[in-house]
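# Reading the structure
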Amino acid sequence: MHGPVGSGKSTRASDLARAAALSEHSVGGVLALKSPAGRRYHDLWTGEEVAKEPAIDGEPVIEVGRFRFRAAAFAWAGQRIATAVAAGADLVIIDEVGPLELRGDGLAAALDALPPGLARVLLVRTGLEDAAAARFAVGPVAFDPPRD
């Protein structure tokens, strides 16, 4: 899935995860959600969440533009993805694949560790689709919404 910031990618992915679960698919992965309290990761396998921000004083951070995210949140999300795959998830949703992952940080290691045959949905900001597909696709690529 792709779209600009704030275009509803996470909501569409959440709807997709619910629909897949109703169709007896096992869905793992993480959604990156935001609220007035800050950004957080939501584990689709367990429903647990962890704060991506604000960073705690003295805690390692990962900076992306003007944002300072908790490095521990990325480690947590990567482990949650791996746990869902090991437990038998047949679909993994990862929100979001952005500049951080394209430079090899963030959730890049979790993406690289996904088995080649595993169905995956990557949420990508408009303008990064081709780079994300080139870096992380392991088979045919379909864009939602479709591209010309």
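Summary of the structure given here. (Residues numbered from 1 in each chain as written. Predicted model: local features only at pLDDT ≥ 70, side-chain atom pairs only at ≥ 80, totals over all residues. Heavy atoms only, no water.)

## Considering the pairing of strand 3 (residues 38-43)
Here is the rule: Whether two strands pair depends on DSSP finding at least two bridges between them. Where helices and strands are cited, they refer to DSSP runs of H or I of at least four residues and of E of at least two residues respectively, numbered from the N terminus.
Here 6 bridges tie strand 2 (residues 27-35) to strand 3, and the two strands are oriented antiparallel to one another. Each residue of the ladder has a partner; that of V30, found in strand 3, is D43. Between strand 2 and the antiparallel strand that follows it, strand 3, lie 2 residues. As paired elements, strand 3 and strand 4 (residues 49-51) share 3 bridges and run antiparallel to each other. Its bridge partner being in strand 4, H42 is matched across the sheet by E49. Between strand 3 and the antiparallel strand that follows it, strand 4, lie 5 residues; G47 among them carries a positive phi value of about 85 degrees.

## Side note on the pattern of salt bridges
Which entries qualify depends on this criterion: Basic side-chain nitrogens of Lys or Arg form a salt bridge, by our definition, when they fall within 4 Å of a carboxyl oxygen of Asp or Glu. Only protein chains enter the accessibility calculation, which uses a 1.4 Å probe; a residue is then buried when its area is under 20% of its type maximum, exposed when over 50%, and partly exposed in between.
Inspection of every chain in the model, using the stated rule, returns 10 salt bridges. Notably, a salt bridge pairs R80 with D43, separated by 3.6 Å at the nearest N-O pair. Taken together, the residues R80 in helix 2 (residues 71-86) and D43 in strand 3 connect sequence positions 37 residues apart. With its nearest N and O atoms 3.8 Å apart, the salt bridge here joins E63 to R68. For E63, a relative accessible area of 47% corresponds to the partly exposed category.

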